[in-house]
Amino acid sequence: MVTRAMEAPAPRRRVRVAGAGTSLSLGIAVIYLSLVVLIPLAAVAWKGVGGGWSEFWAAVSSPEAVAALRLTFEVTAAAVAINAVMGTLIAWVLVRDAFPGRAIVDVVIDLPFALPTIVAGLTLLSLYGVNGPLGVNIAYTKVGIVLALIFVTLPFSVRSVQPVMAALDREMEDAAATLGAGPLTIVRRIVLPNLLPAILSGIGLAFSRAIGEFGAVVLIAGNLPFKTETAPVYIFGQIENDNPQGAAAASLVLLMASLALLVVFGILESRVTRHEG
Amino acid sequence: MKAKWSLRAIAGGYLAIVLVAPLAVVFWSAFRHGLGPVWDAITSPDAIAALKLTLITAAIAVPANTIFGLLAAHVLVRRRFTGRRAFSALIDLPLALSPVVIGLALVLVWGRDGWFGPWTIDHGVTVIFATPGIVLATIVVSLPFVTRELVPVLRELGVEQQEAAATLGAGPLQILWRITLPAVRYGLIYGVVLTTARVIGEFGAVAVVSGNIAGQSQTMTLYVQNQYQQFNLTGAYSASVLLAGIAIATVVALRLVNRRGAK
């Protein structure tokens, strides 16, 4: 109060500082965002549905497109389900088990975030591919695609759960143990319900990432239509074959699915949280 | 005790099967005949050209997205405006998009038959199947990271220090350099490292918009794919080892930044 009395212009300054240059910043940011995201996406939407719904429908209901979309959702569901279980288990070990070398394992979890996806695919093929040292061969199989998706989405599954698990109040578990609950009952009735929102959010993120994955899948899938061709690989093929309308239509389906999944898992997450609270 | 060890074994086994063992095999395959072949492979003319293109791309895309990230985070934290949520959602959107879809989107705008493509070609600039397209594609896929890292730290920082500086007569640029940037530096570095890793590693979007011509429009990741498909495994593994080395350095750097930022 005293300072304000002494420095009359202070309040005006205050406003200027809090929003210093925001109008210019906003203008530049909006133009940049329009150029790199909004206009390109509008072009996809226009190409996909601009010729009318019947053309859009014809493109996405072609047998090859349907097969690619179905395969994408199958392999994604498998990979995400496996990682939801294993990611939670890994998070448990990282949080509750003080084993030597934990810091290294913790860093390794992040590697798929930073590793180029094409290297991820090549990496899996070098061990599990045609001439791999183990004699197994996952090239051109669904198992191979699932493995690739597991690789790229593992960090989402672990990192969504880990901080929540670290913040869990151990007193609840101790109380349950005092009342005679066994370890499995405690996990099932106390730990898992508390983790459920975090697990769901991890599933949503992993799903959204996996249905669009291209680099990690492309070498392994081998791109046999109707067999191992996922939707992103199909879209890539349509672009190369000069069928941008077909590519755009399938792209819109992928985009809508990705957004819908993020919204659905966001709602599930908040609903579960509310019930717990 | 038994439960603890079996959990360790399951978690460790899973990580080994999915992640560690395959990576180890790539490194072993690359270095099995010593350093020589790896060095020869990554210093071949095509590999050097690919490395150069990747570095040029990073040198444009990373600063561009860093400046955008600073502006966007500033606007999102300090200002309430109509469409703010849409603005924020649009920034995050590339994370929910398949890289292939991003590539397609750019072709539809900047390609020969695209919205703006014919105009740029008339003015002597080819975007698609050339370096500008590759740069643009990596800019789109790596757009969200700096903004996402900066928004929470900027919000936490508040405005008091900036106001104090302004009261003492500092101009907006001085405030930015001497107060705001130092205060948010770890968040900023984290975002820039994530952006760089994504730029170097991008494959799908770049595969669509580049002509994938060896020595001309091939980035490192395209070079890996190309070598693999031509059955030149030494070339593919060597370039992969280089990229994997960068990725490992990235995650270690992020961990160090994170630890310092937490202090």
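Nothing here was measured: the structure is a model prediction, and the numbers come from that model.

Engineer: Where do I start with the overall build of chain A in this structure?
Structural biologist: A count of helical and extended segments in chain A gives 13 helices and zero strands. When its helices and strands are written in sequence order, chain A yields α-α-α-α-α-α-α-α-α-α-α-α-α. In terms of overall dimensions, chain A is more spread out than a globule: its C-alpha atoms have a radius of gyration of 24 Å, far above the 19 Å expected for 277 residues. Every one of the 277 residues in chain A was classed for burial, and the buried ones make up 45%. Residue pairs in contact within chain A that sit at least 24 positions apart in sequence constitute 77% of those at least 6 positions apart.

Engineer: How do you make sense of the overall build of chain B when you look at a structure like this?
Structural biologist: Scanning chain B from terminus to terminus reveals 14 helices and zero strands. Taken from N to C terminus, the helices and strands of chain B fall in the order α-α-α-α-α-α-α-α-α-α-α-α-α-α. The proportion of buried residues among the 263 residues of chain B is 48%. Look at the contacts in chain B between residues 6 or more apart in sequence, and 74% of them connect residues 24 or more apart.

Engineer: Could you clarify how one ought to interpret the packing of helix H8 (residues 142–167) of chain A against helix H10 (residues 183–211) of chain A in this entry?
Structural biologist: When two helices pack together, their arrangement is given by the angle between their axes and by how far apart the axes lie. All names here are of chain A. Taken N-terminus to C-terminus, the directions of H8 and H10 make an angle of 155°; their axes are 8 Å apart at the nearest point. Relative to H10, the element H8 is oriented roughly antiparallel. Considering how the two elements wind past one another, H8 and H10 form a crossing that is right-handed. Two secondary-structure elements touch here, H8 through Leu149, Val152, Thr153, Phe156, Ser157, Ser160, Val161, Val164 and Met165 and H10 through Leu195, Ala198, Ile199, Ser201, Gly202, Leu205, Ala206, Arg209 and Ala210. Here the contact of H8 with H10 is built from residues that sort into twelve nonpolar, five polar and one charged.

Engineer: What exactly am I supposed to notice about the interface of chain B and chain A here?
Structural biologist: Opposite the 72 residues of chain B that make contact, chain A presents 71 residues. The greatest single-element share of the side of chain B that touches chain A, amounting to 17 residues, is contributed by helix H1 (residues 2–31) of chain B.

Engineer: Which parts of the structure should I look at to understand the packing of helix H5 (residues 63–96) of chain A against H1 of chain B?
Structural biologist: Axis separation between H5 of chain A and H1 of chain B bottoms out at 9 Å; the angle between their running directions is 120°. In terms of their interaxial angle, H5 of chain A and H1 of chain B are classed as oblique. When the axes of H5 of chain A and H1 of chain B are compared, the crossing they make is left-handed. For the pair H5 of chain A and H1 of chain B, the contacting residues are Met86, Leu89, Ile90, Trp92 and Val93 of chain A in the first and Leu7, Arg8, Ile10, Ala11, Tyr14 and Leu15 of chain B in the second. Partitioned by chemical class, the residues of the contact of H5 of chain A with H1 of chain B number ten nonpolar, no polar and one charged.

Engineer: Which parts of the structure should I look at to understand the domain arrangement of chain B?
Structural biologist: When the parts come together, some accessible area is lost, and that loss is often what is quoted as the size of the interface. All names here are of chain B. Splitting chain B by domain gives domain 1 (1–32) and domain 2 (34–262). Here the C-alpha centre of domain 2 lies 31 Å away from the C-alpha centre of domain 1. On the domain 2 side, the residues contacting the six residues of domain 1 number eight residues. Taken together, the residues that form the side of domain 1 that touches domain 2 break down as five nonpolar, one polar and no charged.

Engineer: How should the environment of glycine 114 of chain B be read in this particular structure?
Structural biologist: Residues and elements named next belong to chain B. In this fold, glycine 114 is placed in the loop between helix H5 (99–110) and helix H6 (117–122). We classify glycine 114 as buried; it has 22 C-beta atoms within 10 Å. Measuring from C-alpha to C-alpha, the distance between glycine 114 and threonine 195 comes to 28 Å, with 81 residues separating the pair along the chain. Each residue touching glycine 114, except ones within four places of it in the same chain, is listed here: Val107, Leu108 and Val109.

Engineer: In this structure, what is going on with helix H12 (residues 231–240) of chain A? I would like to understand it.
Structural biologist: Along an α-helix, a turn takes 3.6 residues, which lines up residues three or four apart on a common side. Residues and elements named next belong to chain A. By the criterion of burial, H12 is predominantly enclosed, with eight of the ten residues buried. Looking at H12, one finds that the buried residues are Ala231, Pro232, Val233, Tyr234, Ile235, Phe236, Gln238 and Ile239. Immediately beyond the C-terminal end of H12, within one or two residues, lies aspartate 242, with a positive phi of roughly 60°.

Engineer: When you look at the nonpolar core in this model, what are you seeing that I'm missing?
Structural biologist: Here is a general trend for soluble globular proteins: nonpolar side chains tend to be buried in one another's company. With 163 residues, the main nonpolar core has Ala148 and Phe151 of chain A together with Leu104 of chain B as its most contacted residues. The residues contacting leucine 104 of chain B, other than those within four sequence positions of it, are Val44, Ile235, Ile239, Pro244, Ala247, Ala248 and Ser251 of chain A together with Val208 of chain B.

Engineer: Where do I start with unusual backbone geometry in this structure?
Structural biologist: A negative phi angle characterises most non-glycine residues, just as the trans form characterises most peptide bonds. Phi at aspartate 242 of chain A is positive, roughly 60°, even though this residue is not glycine. Looking at the secondary structure, you find aspartate 242 of chain A in the loop between H12 and helix H13 (244–276). Even without a glycine there, the phi angle at phenylalanine 231 of chain B is positive, about 60°. Positionally, phenylalanine 231 of chain B belongs in the loop between helix H13 (220–229) and helix H14 (233–262).

Engineer: Just checking my understanding: could you explain the confidence of the model for chain A for this structure?
Structural biologist: Close inspection of predicted coordinates is inappropriate for parts of the model with low pLDDT. Residue and element names in this part refer to chain A. Looking at chain A, pLDDT values average 87 and 91% of them are 70 or higher. Put simply, helix H1 (residues 2–6) is where chain A has its lowest mean pLDDT, 39, and H5 is where it has its highest, 95. Here residues 1–17 scores under 50 on pLDDT; set against residues more than four positions off or in separate chains, the count is eleven contacts.

What counts and what doesn't
Per chain, the residues get numbers from 1 upward, laid out in the order the sequence is written. Just so you know, chain letters begin at A and ligand numbers begin at 1, following the order they were written in. Note on the predicted model: pLDDT of at least 70 is required for a residue's local features to be given, and 80 or more for side-chain atom pairs to be given and counted; whole-chain, interface and lining totals, by contrast, use all residues. In DSSP terms, a helix is any run of H or I states spanning at least four residues, a strand is any run of E spanning at least two, and both are numbered starting from the N terminus. Radius of gyration means the value over C-alpha atoms here, while the globule rule gives 2.2 Å times the residue count to the 0.38 power. The burial label depends on the number of other C-beta atoms within 10 Å of a residue's C-beta. Counts of 20 or more mean buried, 12 or fewer mean exposed, and intermediate counts mean partly exposed, with C-beta atoms placed from the backbone. By definition, residues are in contact whenever their C-beta atoms, placed on the basis of the backbone, come within 7 Å of each other. Lines fitted to C-alpha atoms define the axes, with helix axes restricted to the stretch in contact, and inter-axis angles between N-to-C directions lie between 0 and 180 degrees. Should an angle lie under 35 degrees it is considered roughly parallel, over 145 roughly antiparallel, and from 65 to 115 roughly perpendicular; all remaining angles are considered oblique. Less than a right angle of anticlockwise turn of the near helix away from the far helix marks a crossing as left-handed, whereas a clockwise turn marks it as right-handed. Under the scheme applied, nonpolar residues are Ala, Val, Leu, Ile, Met, Phe, Trp, Tyr, Cys and Pro; charged residues are Asp, Glu, Lys and Arg; polar residues are all the others, including Gly. Here the bounds of each domain stem from an automatic or database domain assignment. Throughout this description, the term nonpolar core refers to a group of buried Ala, Val, Leu, Ile, Met, Phe, Trp, Tyr and Cys residues whose C-beta atoms join them within 7 Å. Here pLDDT means the predictor's own confidence in every residue, given as a number from 0 to 100.

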